[in-house]
Amino acid sequence: MAPPLSPDRFLTILRAEGLTVIEHGDWRNHNRNHKGPWGPMHGVMIHHTVTRGHDYTVDICRRGYGSLPGPLCHGVICKQGHVHLVGYGRANHAGLGDDDVLRAVIAEQDLPPDNEANTDGNRHFYGFECENLGDGEDPWPPEQLLAIEKVGAALAREHGWTERSVIGHLEWQPGKVDPRGFTMASMRSRIAARLDDNPQQEDDMPLTTEDKAWISGEIRDAIKELVAVEVLTKDGIIDNPNPDTADTNAYISMETSLRNIEIVARRADKTSADVKAKVDSLSVGSVSPDALAEILADKLAARLSS
Ligand SMILES: [Zn+2]
Ligand SMILES: [Zn+2]
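Residues numbered from 1 in each chain as written. Chains lettered and ligands numbered in written order. Predicted model: local features only at pLDDT ≥ 70, side-chain atom pairs only at ≥ 80, totals over all residues.

Caption draft 1: Structural context of the overall build of the chain. Per the secondary structure count, the chain includes nine helices and 12 strands. Residues classed as buried in the chain amount to 31% of the 306 residues present. A separation threshold of at least 6 residues defines the contact pool for the chain, and within that pool the share at least 24 residues apart is 70%. (Helix = DSSP H or I, 4+ residues; strand = E, 2+ residues; numbered from the N terminus. Buried ≥ 20, exposed ≤ 12 C-beta atoms within 10 Å, placed from the backbone. Contact = placed C-beta atoms within 7 Å.)

Caption draft 2: Summary view of helix α4 (residues 142-159). An ideal rise of 1.5 Å per residue puts 26 Å on 18 residues; α4 measures up with 26 Å between its terminal C-alpha atoms. Among the residues of α4, Q144, A147, I148, E149, K150, V151, G152, A153, A154, L155, A156 and R157 are the ones counted as buried. Trailing α4 by a residue or two, G160 shows a phi angle of about 75°, which is positive. (Expected span 1.5 Å × (residues − 1).)

Caption draft 3: Seen up close, the environment of F182. When you line up the elements, F182 lands in the loop between β10 (166-168) and α5 (184-197). Residue class for F182 comes out partly exposed when judged on the 18 C-beta atoms lying within 10 Å of it. Counting along the chain gives 46 residues from F182 to G136, while the straight-line C-alpha distance between them is 8.7 Å. Among all residues touching F182, those that are not within four sequence positions of it are W140, L145 and M187.

Caption draft 4: Fine view of the sheet that holds strand β6 (residues 83-85). Sheet architecture is open: six strands sit in the order β1-β6-β5-β9-β2-β10, paired in mixed fashion. Here the strands that pair on one side only, and so sit at the sheet edges, are β1 (21-23) and β10. Pairwise comparison of adjacent strand axes, ignoring direction, gives a mean angle of 25° for this sheet. Taken together, the three bridges between β1 and β6 define a ladder with parallel strand orientation. Along β6, the bridge assignment pairs E23 with L85. (Pairing = 2+ DSSP bridges. Axes fitted to C-alpha atoms, helices over the stretch in contact; angles between N-to-C directions.)

As far as function goes, none of this settles anything; it's purely spatial.
Next up, the structure:
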């Protein structure tokens, strides 16, 4: 089950994909929700408008016309490659389509022929109307095709779908021909390549406060372990075992420690046990500072890339 994205999230992921997004009126609340349910979402549907003229196209998709009230989609993709947001919620774009197609979209399988009009598509698809006459001659500028690719990839990635969840109106409803002038198969290959190249856009994610606390805690633990290992393998310094002076004198020399051999012995036993427990928990076979450093580096790397 995939509930519709919030309008803010919808806007955010489109911009994060590098799209120029232009908001029109109260698009967040302009919809046909009084006519039926919206969601769960299963895919993205691409259309052509059969209109000419940038502003006219955006306006008619927002307002609709006579027998077909707007919004006629969520976003209008103009020839310049902008995404104009005109509505959010149920929109009059998909109409009735084929339930076998919907099942294939949900299962991310090859589409069967659309030969039935028995299923409410406005409920389950994000809709994008693309400015084009749809006569097979009106060109599709590269900017516009790139915007369609980005819209499809952004929504597919966000919902955990593949490129197979992006379909054309002509694949949904018998008798429809849109979009005309490029194939949906070619568009899906582009979307697949885009999803492969950039499986998740987390490279620029800043570290959270929790991440930083975890890292500093991990480093602190590792330093303590390294100190303990040094003590156990050769003469050197050791944590001051005397709680009365530990605050002002964190470490004392082994020579000094020998004056209080009992405390040192107890401390060494405890340190040894602590180090062994820690090492066991890290699944390493022998105690060496190098091994510990390596484990720490791996753990940090895993944490940072997770
Ligand atoms: Zn259409
Ligand atoms: Zn535009």
